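Residue-level structure breakdown
This is what each chain is made of:
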Amino acid sequence: MKQLPLAALIAASCVAPIASAETLNVYNWSDYIAEDTIEKFTAATGIEVNYDVYDSNEVLEAKMLAGNSGYDIVVPTSDFLQRQISAGAYQPLDKSKLPNLANMDAALMEGLAGYDAGNEHAVIYMWGTTGIGYNVDMINERLGDDAPTDSWALVFDPDVVAKLADCGVSMLDAPTELLPAAMNYLGLDPRSTDKKDFEAGAELLMSVRPHVRYYHSSQYISDLANGDVCVSVGWSGDVFQARDRADEAENGVAVSYVIPKEGALQWFDTMAIPVDAPNPDAAHKFIDFVMDAQITADITNYVWYANGNAASMPLVDEEITSDPGIFPTDAAKANLWASQVYNARQDRNVTRLWTKVKTGQ
Ligand code: N2P
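Criteria and thresholds
- Residues numbered from 1 in each chain as written.
- Predicted model: local features only at pLDDT ≥ 70, side-chain atom pairs only at ≥ 80, totals over all residues.
- Heavy atoms only, no water.
- Helix = DSSP H or I, 4+ residues; strand = E, 2+ residues; numbered from the N terminus.
- Buried < 20%, exposed > 50% of the residue type's maximum accessible area, 1.4 Å probe, protein only.
- Contact = heavy atoms within 4.5 Å.
- Areas by Shrake-Rupley, 256 points an atom, 1.4 Å probe, with all protein chains shown as cover.
- Lys, Arg positive; Asp, Glu negative; His and termini not counted.
- Charge placed at Lys NZ, Arg CZ, Asp CG, Glu CD.
- Salt bridge = Lys/Arg side-chain N within 4 Å of Asp/Glu carboxyl O.
- Patch = residues over 30% accessible without salt bridge, like charges linked within 9 Å, V, L, I, M, F, W, Y side chains within 5 Å.
- Domains from an automatic or database assignment.
- Buried area = accessible area lost by both parts, 1.4 Å probe.
- Polar contact = N/O pair within 3.5 Å; in protein donor to acceptor, adjacent residues only side chain to side chain.
- Nonpolar A, V, L, I, M, F, W, Y, C, P; charged D, E, K, R; others polar.
- Disulfide = S-S within 2.5 Å.
- Phe/Tyr/Trp six-rings, centres within 6.5 Å; stacked < 30°, edge-to-face > 60°.
- Lys NZ or Arg CZ within 6 Å of the ring centre and 35° of its normal.

**Overview of the overall build of the chain**
Regarding its fold elements, the chain presents 17 helices and 11 strands. Projected onto its principal axes, the C-alpha positions of the chain cover 75 × 45 × 45 Å. The buried share of the chain, reckoned over its 361 residues, is 53%. The contacts in the chain between residues at least 6 apart in sequence include a share of 73% that link residues at least 24 apart. Accessible surface, the chain as shown: approximately 15,500 Å² in total, 51% of it carbon and sulfur. One way to put it: in the chain the 23 positive side-chain charges average out to a point 10 Å from where the 52 negative ones average out.

Set out below in structure tokens:
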């Protein structure tokens, strides 16, 4: 550290405010919280929040495995959560500090326990599906009434997607979601970890690659809303946010979200506390604050994602609870699959194949 002259040091110590404000460092997905959540947390607790965002589990995982991220709260998806728990990245929750756990949906938390035994390390933040968002008119202009808007064919059939290339096709930069979706479309088990199945999925993705404008996991929200892309493999709530933005802009863009009939990934995003979090006490306060029924309902009402909080449901807009793209019907549910956890070798296979898909070589 630079040495200050004694006089400057004395002056600094006289004028500098005493650093008393408690802070909490949150690292969450982009476009994933209500506008006033953080402000309300600070008003309720006096804790200042530094809020950073990401749009990729791989980016979060790299930070968690390296350690010393400085974050107190992070939001991994369930399969990544499990692998990171095994690596010792998270501390057990002190449930005595989380009275609002009583608000959580027992069946959904039981589902999460498949990734985190006994729900020791995490609680559900939001959940959703990985499906397709599309621009209703642009698709209709190019494919007419035969447009397979209920099917993965819209993005995985090279003859179909070729006709959409000019209006813009995007896919998530999410290898562990795109490869299984491609495998499922081919009639393979989306939860398979067989190298040959990964390769078959990658081959399909390579075959449509010439028609894909970009692989990115947050840009598509505004692009769909503005009509700058016409079809995106995306996350449910993000597509609804795009629809909402277009509606508000009154720009004539009609966006729709579909869980394709062949099925889709259902995922859970969770709040967890890194093992080396600087302020675990504030982290517990934040998790408990978010599990308040009204706070979670406010988030769902803003981001259009389903949550795991049973007590919040009566406070969630009817427009959301009744939408089958957000709360799938029983028929659609039967075709949803849960993410598979990959070991290091399987993960390397997936990463290598995904690099090929993205770079084309
Ligand atoms: C929020 C995306 C969160 C879903 N923009 C990814 N699991």
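Text resumes after the structure shown.
**Some remarks on the pattern of salt bridges**
Counted under the stated rule, the structure contains 14 salt bridges. Arg243 serves as the salt-bridge partner of Glu319, at 4.0 Å between the closest nitrogen and oxygen. Placement of the pair is Glu319 in helix α15 (residues 318-321) and Arg243 in helix α12 (residues 236-249), with a sequence separation of 76 residues. Its relative accessible area of 22% is what places Arg243 among the partly exposed residues. When the shortest N-O distance is used, the salt bridge between Arg243 and Asp323 registers 4.0 Å. Of this pair, Arg243 sits in helix α12 while Asp323 sits in the loop between α15 and α16 (330-333), and the two are 80 residues apart along the sequence. The buried category is assigned to Asp323, whose relative accessible area is 15%.

**Things to note about a positive patch on the surface**
Together, Lys195, Lys196, Arg345, Arg348, Arg352 and Lys356 make up a positively charged patch on the protein surface. Sorting the residues of the positive patch by element identifies α10 (195-208) and α17 (344-359) as the ones contributing at least two each. Of the residues forming the positive patch, the biggest block, four residues, is contributed by α17. Within the secondary structure, Arg352 is located in helix α17.

**Comments concerning the domain arrangement of the chain**
As assigned here, the chain comprises domain 1 (6-128 + 268-327) and domain 2 (129-265 + 339-359). The distance between the C-alpha centroids of domain 1 and domain 2 comes to 28 Å. Counting residues at the interface gives 22 residues for domain 1 and 24 residues for domain 2. Overall, the association of domain 1 and domain 2 removes approximately 1,900 Å² of surface from exposure, summing both partners, and the carbon and sulfur fraction of that is 47%. Where domain 1 touches domain 2, the interface holds four salt bridges. Our enumeration of links across domain 1 and domain 2 arrives at eight residue pairs in polar contact (both at pLDDT 80 or more). Within the residue set of the side of domain 1 that touches domain 2, elements represented by two or more residues are α3 (57-66), α4 (78-86) and α14 (293-303). Tallying contributions element by element places α4 first for the side of domain 1 that touches domain 2, with five residues. Across the side of domain 1 that touches domain 2, the residue classes break down as nine nonpolar, five polar and eight charged.

**Details of the state of the cysteines**
If you walk through the whole model with that rule in mind, you get one disulfide. The disulfide bridge from Cys167 ends at Cys230, spanning 2.0 Å between sulfur atoms. In this structure, the disulfide formed by Cys167 and Cys230 twists by about 65 degrees around the S-S bond and is classed as right-handed. Of the two residues, Cys167 is situated in the loop between α8 (158-162) and β5 (169-171) and Cys230 in the loop between α11 (219-226) and β7 (231-235); the sequence distance between them amounts to 63 residues. Each member of the pair, Cys167 as well as Cys230, is classed as buried.

**A short note on the packing of aromatic side chains**
Within this structure, the stated rule accounts for 17 aromatic pairs. Relative to Phe289, the ring of Phe41 has its centre 5.4 Å away and its plane inclined at 65 degrees; by these criteria the two rings are edge-to-face. Within this pair, whereas Phe41 is found in helix α2 (residues 37-45), its partner Phe289 is found in helix α13 (residues 280-290), the two being separated by 248 residues in sequence. Exposure class is identical for Phe41 and Phe289. Each is buried. Ring geometry for Trp267 and Tyr305: centres 5.6 Å apart, planes at 55 degrees, overall tilted. With Trp267 in strand β9 (residues 264-272) and Tyr305 in the loop between α14 and β10 (306-307), this pair connects stretches of sequence that are 38 residues apart. Here Arg83 stacks its cationic end above the ring of Phe80, 5.1 Å away from the centre of that ring.

**As for the side chain of Asp269**
Turning to its location among the elements, Asp269 is positioned in strand β9. Despite its burial, Asp269 pairs with no opposite charge, the nearest such side chain being Arg83 at 12 Å. Looking at Asp269, its side chain comes within polar contact range of the side chain of Thr77, at 2.5 Å. Residues within four places of Asp269 in sequence aside, it is in contact with Trp29, Tyr32, Val75, Pro76, Thr77, Val123, Ile124, Tyr125 and Met126.

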